Amino acid sequence: MWRCGVVDRASTTHDGAQVGDAEPVPDPYRWLEDPSSPHTRSWLTAQEALLHRHSQQHQAAETIWERCLTEVEAAAAGRLLTPPAEAGGTLFRHELTVAGGERLTASAGDGRDRVLLDTGGDSSVNRLATWRPDPMGRVVVAQLHRGGHENGGLLIVPVATGEEARQLPDAAPHTSVAFVGPMLLYSAGTRTEHTLRAHHLRDGTTRTVGLPVVGATRLSLHTGPEGHLLLRTRTPDASQPRWWCTRITGQDAPGWQRLRLEDLRITAFALGAGRLYIADEDLTLSALDLTRAAQGRVTQPVPVGSVPLESSPLGSPPARQAATAAGSIRALRVMGPNTELRLAVLSQIGTTRRLEVRRVATDGDMYATSAGPGKPNTDDGEPFTWHARLRLGPAAYDHEGQPGDACWILADDPRYGALGRRVTAAASAVPTTRCSTLRTVTAASRDGTSVPVTVCDPPSEARQGPIPTLITVYGGFGVPLEPSWDPIVAAWLAAGGRIAWVHARGGGEYGPDWAAAGRGAGKSDTVDDLCAAGNALQELGEAGPGQLAALAASNGGLVLSAALVRSPRLFSAVACAAPLTDMARYDQGGLGKLWLEEYGDPTAPDSLRSLMTYSPYHHVQDGDNYPAVLFITGGNDARVRPWHAWKLCAALQDATSGSASILLDHQENTGHYGRAPDEARTLSARVLALLAAHTGLSAGHRREVPPTPCSGQSPAPAPVTRSST
């Protein structure tokens, strides 16, 4: 039996949670939850030595993969990381630097770029978590996460004056911001308890703004061009967020008005001049009069049209029939002045996204600018369809800070990177010069549910027959898993491997019902979905025996870890980053207490029974032959505590009857979102070397030079005006 050579489970025993009157759930590695104990430090030191020996033995392969990743990343310099934004006639871009850091630039009408923020080079662990310009383009507010921490604080960066950036240290992590006239509103406090603060951009004063609720509150802010402020609050005693509206007048306690929107099951919304536009699960678009609502004359949203997904040119891929929902509207943007109002509508079916610009008539009706039955077609804008990740940036603002008639999109491609383009009412179709060919296969899960899997093949000469295939999954929180560019994905494809994205239940690819099916007790079905997808890929000839590898993180790491112990012979090698593994204690530390709705309450016997059906740590079997595994953790991870991976790693090392390496790569100064560029490259090479070695893929015989990713370096637009561009 292969062991790590340090203290095993027999040396320390604990009883864990208890299911009803049954015996307590065993928890032999509870001692690893104390990262500062000598016992744990000794174990971590042994794991570091084990990883070092493994890397020395596979140094040649890791070096080759690191060289491949260097080529991929060099080609990706200048790649857009988030959609650009236009404000005050200035174009703002968030992009990848040559050194692997992040940079935020501003480009005025003269086309010259000014660097506003730079996170640093290869050794920096800093990342730009959020940013937004004010409508006049005079300042940008940004939050930097430093040293792997998801810290709070805001920077206010002047765009053109050359002044030093100001700091608002009380801003909450992942703070919500909104601009109203000369004021910046933001959520202050901790990750889970917010207050509302208003900072005057001219005189530098900051004050607290009264909220319509008391006690612990999480809030988000949204504002429109006429000064209406939309507030969403979530309190521990409310099952759904509550909606509020006001107009900020300078008073410490604004007149908040309650909006009764909880029953609409909203999927997207956007603020226009005096109106709130809403999309719900039924694909219905409606509008609420904010002027009346802010005056206390609360009205109900009025339907203004619907998006005809059933007649859209999305076609009928197999994934569509496999899903339980037809699709959903994922994002809305209001474009143009009131006299020529447009709505950019981003809808989704599976991983296929469709962007359509619709005109809102003066009588409140709405119709697409592309031709439709019985509707005029005056300024034809063809819909844009994309079969991978597609993000919609904020609506543009012109030189006067008024709504423009454009926004930007960012379309990802697994091989070619990110494509950034400007969208207007007359040009919603985006010309594309190259994109990967993606196809969909379907797996039948244990209960008969059809599970779609998106597949991306390597270059044409290598795509025939079974080849090493890398699977990834997420399956949680209603978050869609969409094909997108990543250095590991690009390098695997360049070496002749295949990539498969498993759209398991719990994700947001197929609407709220699909997400709900993988929540709570349904999470075990999510694990079955992944196992079924792996088996189907082999049965369909996509991968041969021993050619399946898997890589996932966070909730996806939980699903993958559970599949690993449920079907030990399915994968030849696995890499899990920041996974939950002990579901009896997931609420202890990190952000676990915020996830009760997703997983269930481990203090409730019925929920604990459901959690124990798939909790990876509790399903490790002595004598099973487990595949090669690499767990990846960071000491500053405030979401998932690293002891989850440590406990499963120790259990697998003690239980396996095989000789495959079970390794831990832990770094103290990193968090949930990864490592500094140079360290991330080394880690990625280690992951690729492990997965490739056990599936037969060789970076030394690459089928193609990694293609240069689309950088989004399209010509700078003309300054935004209130007329059509």
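S.K.: An account of the sheet that holds strand β11 (residues 177–180) is needed here, citing residue identities and associated values.
M.R.: Strand order in the open sheet formed by 4 strands is β11-β12-β13-β14, and the pairing between neighbours is antiparallel. Of all the strands in the sheet, just β11 and β14 (206–209) have a single pairing partner and so form its edges. Pairwise comparison of adjacent strand axes, ignoring direction, gives a mean angle of 30° for this sheet.

S.K.: Let's hear about the side chain of Asn555: which residues, and what values?
M.R.: Mapped onto the elements of the fold, Asn555 is located in helix α8 (residues 555–566). For Asn555, the contacting residues outside a window of four places in its chain are Tyr474, Gly475, Gly476, Phe477, Lys523 and Tyr599.

S.K.: Would you mind going over the pattern of salt bridges in detail, with residue names and values included?
M.R.: According to the stated counting rule, one finds 35 salt bridges in the structure shown. Residues Arg585 and Glu33 are paired through a salt bridge, measuring 2.7 Å at the closest nitrogen-oxygen approach. With Arg585 in the loop between β36 (573–577) and α9 (596–599) and Glu33 in the loop between β2 (24–26) and α1 (38–57), this residue pair connects regions lying 552 residues apart in the sequence. Between Arg686 and Asp665 there is a salt bridge, with the nearest N and O atoms lying 2.4 Å from each other. Here Arg686, found in helix α12 (residues 677–693), pairs with Asp665, found in strand β38 (residues 662–667); they are 21 residues apart in sequence, far enough to count as distant. There is no split in this pair, since Arg686 and Asp665 are both buried. Each of the salt bridges in this network shares a partner with another, and the network as a whole consists of Asp27, Arg30, Glu33, Asp582, Arg585 and Lys647.

S.K.: I'd love a proper account of empty space enclosed by the protein, names of residues and values included.
M.R.: For the structure on display, the rule yields 3 cavities of 30 Å³ or more. For the second largest cavity, the calculated volume is near 40 Å³. In terms of lining, the second largest cavity is formed by His54, His58, Ala689, Leu690, Ala693 and His694. No other element matches α12, which puts 3 residues into the lining of the second largest cavity.

S.K.: A description of the sheet that holds strand β9 (residues 154–158) should follow, citing residues and the corresponding values.
M.R.: In space, the 4 strands of this open sheet follow the order β7-β8-β9-β10, with antiparallel pairing throughout. Each edge of the open sheet is held by one strand with a lone partner, namely β7 (127–133) and β10 (166–168). Ignoring strand direction, the axes of neighbouring strands in this sheet form an average angle of 25°. Relative to β9, strand β8 (residues 139–145) is paired through 4 bridges, and the arrangement is antiparallel. For Val139, the partnering residue across the bridge sits in β9 and is Pro158.

S.K.: Outline the packing of helix α2 (residues 59–75) against α12, listing residues and values.
M.R.: Each pair of packed helices can be described by the angle between their axes along with the distance between the axes. At a minimum axis distance of 8 Å, the contact between α2 and α12 shows a crossing angle of 125°. When the interaxial angle is binned, α2 and α12 end up oblique. Crossing handedness for the pair α2 and α12: right-handed. For the pair formed by α2 and α12, the contact residues are Ala61, Glu62, Trp65, Glu66, Leu69, Thr70 and Glu73 on the first element and Arg681, Thr682, Ser684, Ala685, Arg686, Leu688, Ala689 and Ala692 on the second. The residue makeup of the contact of α2 with α12, split by class, is 7 nonpolar, 3 polar and 5 charged.

S.K.: I'd love a proper account of unusual backbone geometry, names of residues and values included.
M.R.: Trans is the common state for peptide bonds, and a negative phi is the common state for residues other than glycine. You will see that Phe477, though not glycine, has its phi angle at about 60°, which is positive. Mapped onto the fold, Phe477 is located in the loop between β33 (469–473) and α5 (487–494). With a phi close to 60°, Ser554 is a non-glycine residue in the positive phi region. When you line up the elements, Ser554 lands in the loop between β35 (548–553) and α8.

S.K.: Got a sec to walk through the packing of aromatic side chains? Specific residues and values, please.
M.R.: All chains considered together, the criterion is met by 8 aromatic pairs. With a centroid separation of 5.7 Å and 90° between ring planes, the pair formed by Phe477 and Tyr599 is classed as edge-to-face. Here Phe477 is found in the loop between β33 and α5, whereas its partner Tyr599 is found in helix α9, with 122 residues between them in sequence. Aromatic pair Trp595 and Tyr599: ring centres 6.4 Å apart, planes at 80°, arrangement edge-to-face. What makes Tyr599 buried here is its relative accessible area of 2%. One aromatic cluster in this structure is built from Phe477, Tyr586, Trp595 and Tyr599. Positioned over the ring face of Trp243 is Arg232, at 5.1 Å from the centre of the ring. One cation-aromatic arrangement involves Arg258 over Trp244; the distance from NZ or CZ to the ring centre is 5.4 Å.

S.K.: Please set out the nonpolar core residue by residue, giving values where relevant.
M.R.: Inside soluble globular proteins, nonpolar side chains tend to come together where they are buried. Counting residues in each nonpolar core, the largest one holds 66 residues, and the members touching the most others are Phe571 and Phe631. Of the residues forming this core, the biggest block, 9 residues, is contributed by helix α11 (residues 643–655). When neighbours within four sequence positions are excluded, Phe631 is seen to be in contact with Ser561, Cys576, Pro579, Ala645, Leu648, Cys649, Leu652, Ile662, Leu663, Leu664 and Asp665. Membership of the second largest hydrophobic core comes to 37 residues, among which are Ala491, Ala549, Ala628 and Ile632.

S.K.: Describe α11, and please don't skip the residues or the numbers.
M.R.: Compared with an ideal rise of 1.5 Å per residue, which puts 13 residues at 18 Å, α11 spans 18 Å between its outermost C-alpha atoms and is within 8% of the ideal. Burial of α11 is extensive: 13 of the 13 residues sit out of reach of the surface.

S.K.: I'd like to hear about helix α7 (residues 523–539), residue by residue, with values.
M.R.: With 17 residues, α7 extends 25 Å between its outermost C-alpha atoms, agreeing within 8% with the 24 Å of an ideal straight helix rising 1.5 Å per residue. Burial analysis of α7 places 13 of its 17 residues in the buried class, the great majority of the element. At the exit of α7 stands Gly541, carrying a positive phi of roughly 80°.

S.K.: Tell me about the pairing of strand β24 (residues 342–349), residues and numbers included.
M.R.: In terms of residue burial, β24 counts as a mostly covered element, since 8 of its 8 residues are buried. Side-chain alternation along β24 places Arg342, Ala344, Leu346 and Gln348 on one buried face and Leu343, Val345, Ser347 and Ile349 on a second face that is also buried. Here 7 bridges tie strand β23 (residues 328–335) to β24, and the two strands are oriented antiparallel to one another. The residue of β24 that forms the bridge with Met335 is Arg342. Pairing of β24 with strand β25 (residues 352–360) involves 8 bridges; the strand directions are antiparallel. Following the sheet pairing, Ala344 is matched in β25 by Val357.

Quick notes on the rules
Residues numbered from 1 in each chain as written. Predicted model: local features only at pLDDT ≥ 70, side-chain atom pairs only at ≥ 80, totals over all residues. Heavy atoms only, no water. Pairing = 2+ DSSP bridges. Helix = DSSP H or I, 4+ residues; strand = E, 2+ residues; numbered from the N terminus. Axes fitted to C-alpha atoms, helices over the stretch in contact; angles between N-to-C directions. Contact = heavy atoms within 4.5 Å. Salt bridge = Lys/Arg side-chain N within 4 Å of Asp/Glu carboxyl O. Buried < 20%, exposed > 50% of the residue type's maximum accessible area, 1.4 Å probe, protein only. 1 Å grid on protein atoms, 1.4 Å probe; cavity = no way out; pocket = protein on both sides within 12 Å on 5 of 7 lines; lining within 4 Å. Points joined across faces, edges and corners; volume = space filled by probe spheres on them. Parallel < 35°, antiparallel > 145°, perpendicular 65-115°, else oblique. Left-handed = near helix turned anticlockwise from the far one by under 90°. Nonpolar A, V, L, I, M, F, W, Y, C, P; charged D, E, K, R; others polar. Phe/Tyr/Trp six-rings, centres within 6.5 Å; stacked < 30°, edge-to-face > 60°. Lys NZ or Arg CZ within 6 Å of the ring centre and 35° of its normal. Core = buried A, V, L, I, M, F, W, Y, C linked by side-chain atoms within 4.5 Å. Expected span 1.5 Å × (residues − 1).

Note that all results are geometric; they support no functional claim without further evidence.
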